[in-house]
Amino acid sequence: MMRYIRELGDKDLALDRTMIPLGSCTMKLNPTAGLEAITWPGFANVHPYTPDEYTAGWRELIDEIRAWLVEITGYAEVSVQPNSGATGELAGLLAIRAYHVANGDAGRDICLIPASAHGTNAASATLANLRVVVVKTADDGSIDLEDLDAKLGKHADAVAAIMLTYPSTHGVYEEDVRLVCDKVHAAGGQVYIDGANMNALTGIARPGDFGGDVSHLNLHKTFTIPHGGGGPGVGPIGVGEHLIPFLPGDPVDTSAQADGGVPVASTLYGSAGVLPISWSYIAMSGAAGLRSATEHAVLGANYIARALNDAYPVLYTGNDGLVGHECILDLRELTDVSGVTAADVAKRLIDYGFHAPTLAFPVAGTLMVEPTESEDLAELDRFIEAMRSIRAEIQEIIDGEIEYEKSVVHNAPFTAVSVIRNEWPYDFPREKAAYPVDSLVHSKYFPPVRRIDEAFGDRNLQCACPPPEAFDITPEVAEEIDAEVSEKNAKY
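Please read all numbers here as calculations on a predicted model, not as lab measurements. (Residues numbered from 1 in each chain as written. Predicted model: local features only at pLDDT ≥ 70, side-chain atom pairs only at ≥ 80, totals over all residues. Heavy atoms only, no water.)

### Overview of the overall build of the protein
Looking only at helices and strands, one finds 17 helices and 10 strands in the protein. Relative to the compact-globule value of 23 Å for 492 residues, the protein shows a C-alpha radius of gyration of 26 Å, a close match. Each principal axis of the C-alpha distribution contributes one length, and for the protein these read about 75 × 70 × 45 Å. Burial status across the protein gives 47% buried among its 492 residues. Once local pairs closer than 6 in sequence are excluded, the contacts in the protein between residues at least 24 apart make up 69%. (Helix = DSSP H or I, 4+ residues; strand = E, 2+ residues; numbered from the N terminus. Rg over C-alpha atoms; globule rule 2.2 N^0.38 Å. Buried < 20%, exposed > 50% of the residue type's maximum accessible area, 1.4 Å probe, protein only. Contact = heavy atoms within 4.5 Å.)

Set out below in structure tokens:
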């Protein structure tokens, strides 16, 4: 088993080997010191339905981290029941919907969502039985205020909420965020602030202070619970005083006196088994450490944006040409003159030992890069060197030195066996394919497979399970099964 796990690890391009510059996801390093606590029997062996008399220490930890999150977000109360960011969105919108209904505003069922929003926003609004109305995005990536006014005017008495992502999905701090909140509040709506990018705010600004009524946090992103593999996550929501009665209720207590709104998980505290990870991170960081992490995340993103802007224009910037915690590199003009796509660059980065940035979101033909606060200067410089080297490879195509279809960028990535085999059908040397920069000589990652056609694969699914005929049961077999079941039922 140990060797099998090592084999899988050798194939993987993960945080233990390299930066994962995915944007809009706030991927972070997961400190071992923070993970250790969940293995302690006092935390690891608690069943979600254990009677309160046996869980005083456990509930003390939960209450403490809730209090910390209240302080961090500026809200009045926090529920840790939602066990993902998307579930947190749903819980927040259900609270808003219940609030309006309780106030006699059952007709408020429209959720305004900017065109640049995370895809889960619209899905969550639909699940909460809200109608989605899209607000346009301005050329600079901010919310189009004129279109917002038009939508508020058109749906005056029906607006339940607006869902904002701040900093925006375009990676900038929108100057008009308070104005947007004020406009929606004036129309009788509530403001939901998506907390996916909270690692650009923690310790510096609080959503509850600049206009939010409810926000979810991703503890499995900003607060170091491992992210990926399907969970478990924690997506707690913070709410203003007026929404506290509508926080998710206890799914076990179904009495008429039960407090709270609609449960969104099967246990009161959701995926509480992993809360000690975030508790440990916050406790070890302290207020100064959390603020420092945010400052380093923003500093790192601006460092990359400035270093690469001449090679790959940064699509959106805010005040003084600065970005927030991530930057969007625009490759569309390069694609027009060279044929090289953002996907080509993502594939080529693998040869340099880097996981790809976010591809084609929120704008097609771009790469969204987020270094996070956990990468040091040396790793940022290594990424910048790789991106500049790839830009030089693209320039060779532009200058007519090699055709796009025959270029190293278009044919990347390269496995070890593809480089050492006798046949080498390319016009560029093997060394350029495998070791384009000197630093790779001492630390080289080879991918286990070469390029695949993802679009073809998505459209031509191949099932690995047995064909349906393999599951046919003959009448004789069915009788045997029935007899066996009857015998067991009689016995027990």
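### Quick notes on the sheet that holds strand E4 (residues 159-165)
Reading across from one edge, E1-E7-E6-E5-E4-E2-E3 is the order of the seven strands in this open sheet, with mixed pairing throughout. Two strands close off the open sheet at either side, each with one partner strand: strand E1 (77-79) and strand E3 (131-135). Between one strand axis and the next, the sheet turns by 25 degrees as a mean value, whatever way the strands run. Bridge count between strand E2 (residues 110-114) and E3: five bridges; the pairing is parallel. Of the residues in E3, the one forming a bridge with leucine 112 is valine 133. In the packing of helix H4 (residues 56-73) onto the sheet, contacts are made with E1 and strand E6 (214-217), and the angle to E1 comes to roughly 125 degrees. (Pairing = 2+ DSSP bridges. Axes fitted to C-alpha atoms, helices over the stretch in contact; angles between N-to-C directions.)

### Topic: helix H8 (residues 177-186)
Buried within H8 are the following residues: Val177, Val180, Cys181 and Val184. Taken down its axis, H8 places every buried residue within 100 degrees of arc, on the same side. Projecting away from the buried face of H8 at angles above 90 degrees are the exposed residues Arg178 and Ala186. In this structure, the buried residues of H8 make contact with helix H7 (145-154), E4 and strand E5 (190-195). Immediately downstream of H8, the backbone of glycine 188 shows phi near 95 degrees, a positive value. (Arc of directions from axis to C-beta.)

### Section: the packing of H4 against helix H9 (residues 275-308)
For any two helices packed against each other, the geometry comes down to the angle between their axes and how far apart the axes lie. One can describe the packing of H4 onto H9 by two numbers: an axis separation of 10 Å at closest approach and a directional angle of 40 degrees. By the angle between their axes, H4 is oblique relative to H9. Note that H4 runs across H9; the crossing there is left-handed. Across the interface between the two elements, Trp58, Leu61, Ile62, Glu64, Ile65, Trp68, Leu69 and Ile72 from H4 touch Leu275, Pro276, Ser278, Trp279, Ile282, Ala283 and Leu290 from H9. Residues that form the contact of H4 with H9 fall into these classes: 13 nonpolar, one polar and one charged. (Parallel < 35°, antiparallel > 145°, perpendicular 65-115°, else oblique. Left-handed = near helix turned anticlockwise from the far one by under 90°. Nonpolar A, V, L, I, M, F, W, Y, C, P; charged D, E, K, R; others polar.)

### A short note on a nonpolar patch on the surface
Where nonpolar side chains cluster on the molecular surface, the patch consists of Met1, Tyr4, Ile5 and Leu8 and spans about 470 Å² of accessible area. With respect to the helices and strands, the residue isoleucine 5 is situated in helix H1 (residues 2-11). (Patch = residues over 30% accessible without salt bridge, like charges linked within 9 Å, V, L, I, M, F, W, Y side chains within 5 Å. Areas by Shrake-Rupley, 256 points an atom, 1.4 Å probe, with all protein chains shown as cover. Salt bridge = Lys/Arg side-chain N within 4 Å of Asp/Glu carboxyl O.)

### Digging into a negative patch on the surface
Taken together, Asp376, Asp381, Glu385, Glu431 and Asp438 make up a surface patch of like negative charges. Secondary-structure assignment places aspartate 376 in the loop between strand E10 (366-369) and helix H12 (377-398). (Lys, Arg positive; Asp, Glu negative; His and termini not counted. Charge placed at Lys NZ, Arg CZ, Asp CG, Glu CD.)

### Describing the sheet that holds E10
Either a parallel or an antiparallel arrangement is found when strands of a sheet pair, and the pairing is made through backbone hydrogen bonds. Pairing in this open sheet of three strands is antiparallel, and the strands run E8-E10-E9 from one edge to the other. For this open sheet the edge positions go to strand E8 (327-330) and strand E9 (358-359), each flanked by a neighbour on one side alone. Alignment of E8 against E10, held across four bridges, turns out to be antiparallel. Across the sheet, residue leucine 329 finds its bridge partner in E10, namely leucine 367.

### Examining helix H5 (residues 85-102)
Along its 18 residues, H5 runs 26 Å from first to last C-alpha, staying within 8% of the 26 Å computed at 1.5 Å per residue. Most of H5 is tucked away, with 13 of its 18 residues classed as buried. Sitting at the amino-terminal end of H5 is serine 84, which places a side-chain oxygen 3.4 Å from the backbone nitrogen of alanine 86. (Expected span 1.5 Å × (residues − 1). Polar contact = N/O pair within 3.5 Å; in protein donor to acceptor, adjacent residues only side chain to side chain.)

### Some thoughts on the environment of alanine 265
Looking at the element boundaries, alanine 265 is found in the loop between strand E7 (237-239) and H9. The exposure class assigned to alanine 265 is buried, which follows from its relative accessible area of 13%. Not counting residues up to four positions away in its chain, the partners in contact with alanine 265 are Gln81, Asn83, Pro251 and Gly270.

### Details of the packing of aromatic side chains
Each aromatic ring pair is described using two quantities: the centre-to-centre distance and the angle formed by the ring planes. Scanning the entire structure with this criterion turns up 15 aromatic pairs. Ring centres of phenylalanine 43 and tryptophan 58 lie 5.4 Å apart, and the angle between their planes is 50 degrees; this geometry places the pair in the tilted category. In this pair, phenylalanine 43 is assigned in helix H3 (residues 41-44) and tryptophan 58 in helix H4, connecting sequence segments 15 residues apart. This pair shows no difference in class: phenylalanine 43 is buried, exactly as tryptophan 58 is. Taking 5.9 Å as the distance between ring centres and 90 degrees as the angle between the ring planes, the aromatic pair formed by tryptophan 424 and phenylalanine 428 counts as edge-to-face. The rings of Phe414, Trp424, Tyr426 and Phe428 are connected pair by pair, giving a single aromatic cluster. (Phe/Tyr/Trp six-rings, centres within 6.5 Å; stacked < 30°, edge-to-face > 60°.)

### Some details on the pairing of E6
Burial along E6 is two-sided: Val214 and His216 and Ser215 and Leu217, pointing in opposite directions, are all buried. Judged from the four bridges that link them, E5 and E6 form a sheet pairing that is parallel. Counterpart to glycine 195 in the pairing with E6 is leucine 217. Where E6 meets E7, three bridges bridge the pair, whose relative direction is antiparallel. Note on E7: the bridge partner recorded for histidine 216 is isoleucine 237.

### Digging into the pattern of salt bridges
Applying the stated criterion to the full structure yields 20 salt bridges. Residue aspartate 149 pairs with lysine 183 through a salt bridge whose shortest N-O separation is 3.0 Å. One end of the pair, aspartate 149, is in helix H7; the other, lysine 183, is in helix H8, and 34 residues separate them in sequence. Here aspartate 149 falls in the partly exposed class, since its relative accessible area comes to 37%.

### Description of the packing of H9 against H12
Where H9 contacts H12, the two axes come as close as 10 Å, and the packing angle between them is 30 degrees. One finds that H9 runs roughly parallel with respect to H12. With respect to the hand of their crossing, H9 and H12 are arranged in right-handed fashion. Where H9 approaches H12, its residues Gly300, Tyr303, Ile304, Ala307 and Leu308 are matched on the opposing element by Leu377, Leu380, Asp381, Phe383, Ile384, Met387 and Arg388.

In short, the description is geometric, and any link to function would need to be established separately.
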